[in-house]
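Notes for the structure review
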Amino acid sequence: METGSPKQAFRIETAGRGARLSAGLMCAVLLAGVLLPAFASRDLIQNLIFLFYMMALAQCWNLLAGYAGLISVGQQAFVGLGGYLLFALTLPGGINPLLAIPVVGVVSAALALPTALIVFRLRGAYFAIGTWVVAEVYRLVFAQFRMLGGGTGTSLDPQVTSSVPGIEWVKAMLNVRTPAARDIISYWLVLALMVGTLALVYFMLRSRRGLALGAIRDNETAAAGLGVDIYRVKLGVYVASAAMTGMIGALIYLQKARISPDAAFSVLDWTAYVIFITVIGGIGTIEGPMVGAVIFYLMQRYLADFGAWYLIVLGALGIFVMLFAPKGLWGFVSERYNLTLFPTRRKLVVYSAEKED
């Protein structure tokens, strides 16, 4: 047996420094989050509900814009659609709210298909404007349904909100009243949906579709030349994002228990703030929207009482980040310290190998 000369070999890696440690840390944080209602105040639970659904919405928008290159300013269409579908299924339909939420996801995905046939004909800024116009059309359409309150909106019947499974169990276990028990159930639901959204995005990016999305993000023309079906990949991402956004919208308005067209289809609340969260955190990363959502939550909680100054500080922070950290705050930290909590990018590692004859 003779030993041959050293040769170059390679392998593909996705895990970065700290990735395995972060997996255990995430599991511990998730467990703590599940147990939190046992000792947290109702005010904290309500604040975390807001934080979690903004984080989930930001992940959906980041999947569209950061990976598929679909800069949408009309995601409020699916938030409002999800909320109104929940009301329609539970009020006239009489369906249990928990059963209605997955139905909302399916219907949102189905309605995203004809919507995509319209907006996918547009490019760049025209696509962004087109998605906003579609959202306005949805708002005007739902404002015509008198059984859902018309232009002034409507509220969920207390019997509907009290029919969510688990409320009586929570009341008995944690010794709380019905409103607090509803908030705890809503908290667990939005936590589960946020984790589900995060898992969907992560495993999608780790799949072959994720490779296609990476190729599209880096160079769409080159990706098409390599055989990537650009339209099909973008359509799949758009429909998946619509389904998740619709279910998040359903949970938002299940917890709020009141809906109106202007609130449900608000471009400021459900798109502008989501874009801000994603940009300051780091577009094109999973960690970025999570960091951005925490920063936005803290700023809104402690600065909202300052009126116009709150919006000025938000704008100033956005401009500062775009000028000095164009990849977002997490992108800056990740590059500086080579840190990745959710590794999705493949790395080609070349090393020396010996071949035995």
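Every chain is numbered on its own, with residues counted from 1 as its sequence reads. Residues qualify for local features only when their pLDDT is at least 70, as the model is predicted, and side-chain atom pairs are given and counted only at 80 or more; totals for whole chains, interfaces and linings, by contrast, use all residues. For the side-chain quantities, the full set of heavy atoms in the structure was used; hydrogens and water were omitted.

It is worth spelling out the overall build of the protein chain at this point. Counting from the N terminus, the helices are the DSSP runs of H or I reaching at least four residues and the strands are the DSSP runs of E reaching at least two. Across its full length, the protein chain holds 16 helices and four strands. On C-alpha atoms alone, the protein chain measures out to a radius of gyration of 22 Å, which is about the 21 Å that the 2.2 N^0.38 rule sets for 357 residues. Oriented by its inertia axes, the alpha-carbon framework of the protein chain measures out at about 80 × 50 × 45 Å. Partly exposed describes any residue whose relative accessible area lies between the buried limit of under 20% and the exposed limit of over 50%, with all areas from a 1.4 Å probe on protein chains only and scaled to the type maximum. Expressed as a percentage of its 357 residues, the buried residues of the protein chain come to 46%. By definition in these notes, contact holds between two residues if any of their heavy atoms fall within 4.5 Å. Partitioning the intrachain contacts of the protein chain with sequence separation of at least 6 by distance along the chain shows that 76% fall at a separation of at least 24. In the form shown here, the protein chain has an accessible surface area of approximately 18200 Å², with 65% of it arising from carbon and sulfur atoms. In this tally, Lys and Arg are treated as positive and Asp and Glu as negative; His is ignored, and so are the chain termini. Think of each charge as sitting on NZ of Lys, CZ of Arg, CG of Asp or CD of Glu. For the protein chain, the distance from the average position of its 27 positive side-chain charges to the average position of its 18 negative side-chain charges is 4 Å. For a compact globule the rule gives 2.2 Å times the number of residues to the power 0.38, and the radius of gyration it is set against comes from C-alpha atoms. The method behind every accessible area is Shrake-Rupley, applied with a 1.4 Å probe, and residues are considered shielded solely by the protein chains displayed.

Working definition of a nonpolar core: buried Ala, Val, Leu, Ile, Met, Phe, Trp, Tyr and Cys residues. They are joined through side-chain atoms within 4.5 Å. Formed by 98 residues in total, the largest nonpolar core has its most connected members in Tyr53, Met54, Leu213, Tyr238 and Phe296. Residues contacting Met54, with those up to four places away along its chain left out, are Asp269, Trp270, Tyr273, Val274, Ile277 and Phe296. Among the nonpolar cores identified, the runner-up in size contains six residues, and Val164, Ile167, Ala181 and Ile185 belong to it.

What follows concerns empty space enclosed by the protein. Whether a set of points on the 1 Å grid over the protein atoms alone is a cavity depends on a 1.4 Å probe fitting there but being unable to get out, while an open set qualifies as a pocket with protein on both sides within 12 Å along at least five of seven lines; lining residues are those with an atom within 4 Å of a point. Grid points are joined across faces, edges and corners, and a volume is the space filled by probe spheres set on the points. A full pass over the atoms with the stated rule returns two cavities of 30 Å³ or more. By volume, the largest cavity is sized at about 40 Å³. Along the walls of the largest cavity sit Leu57, Cys60, Trp61, Gln75, Thr245, Trp270 and Val274, which together make up its complete lining. Of all the secondary-structure elements, those providing two or more residues to the lining of the largest cavity are α2 (42-67) and α13 (267-281). Looking at which element gives the most residues to the lining of the largest cavity, the answer is α2, with three residues. Here the residues of the lining of the largest cavity are counted per class, giving five nonpolar, two polar and no charged. As a volume, the second largest cavity reaches approximately 30 Å³. As for the second largest cavity, its lining consists of Cys60, Leu63, Thr197, Leu200, Val201, Ala240, Ser241 and Met244. For the lining of the second largest cavity, the secondary-structure elements that each account for two or more residues are α2, α8 (178-206) and α11 (230-256). Note on residue categories: nonpolar means Ala, Val, Leu, Ile, Met, Phe, Trp, Tyr, Cys or Pro, charged means Asp, Glu, Lys or Arg, and polar means any other residue, Gly included.

Before going further, it helps to spend a moment on helix α15 (residues 308-324). Residues spaced three or four apart along an α-helix point in a common direction, a consequence of the helix completing one turn every 3.6 residues. A helix is expected to span 1.5 Å for every residue after the first. Helix length check: α15 (17 residues) gives 24 Å between terminal C-alpha atoms against 24 Å at 1.5 Å per residue, within 8%. When α15 is considered as a whole, its buried residues turn out to be Tyr310, Leu314, Gly318 and Val321. One side of α15 holds all its buried residues, which, seen down the axis, span an arc of 75°. Exposed and facing more than 90 degrees away from the buried side of α15 are Ala308, Trp309, Ile319, Leu323 and Phe324. Of the surrounding secondary structure, the elements contacted by the buried residues of α15 are α13, α14 (287-303) and α16 (328-337). Picture the helix axis, draw a direction to every C-beta atom, and the arc is the one those directions span.

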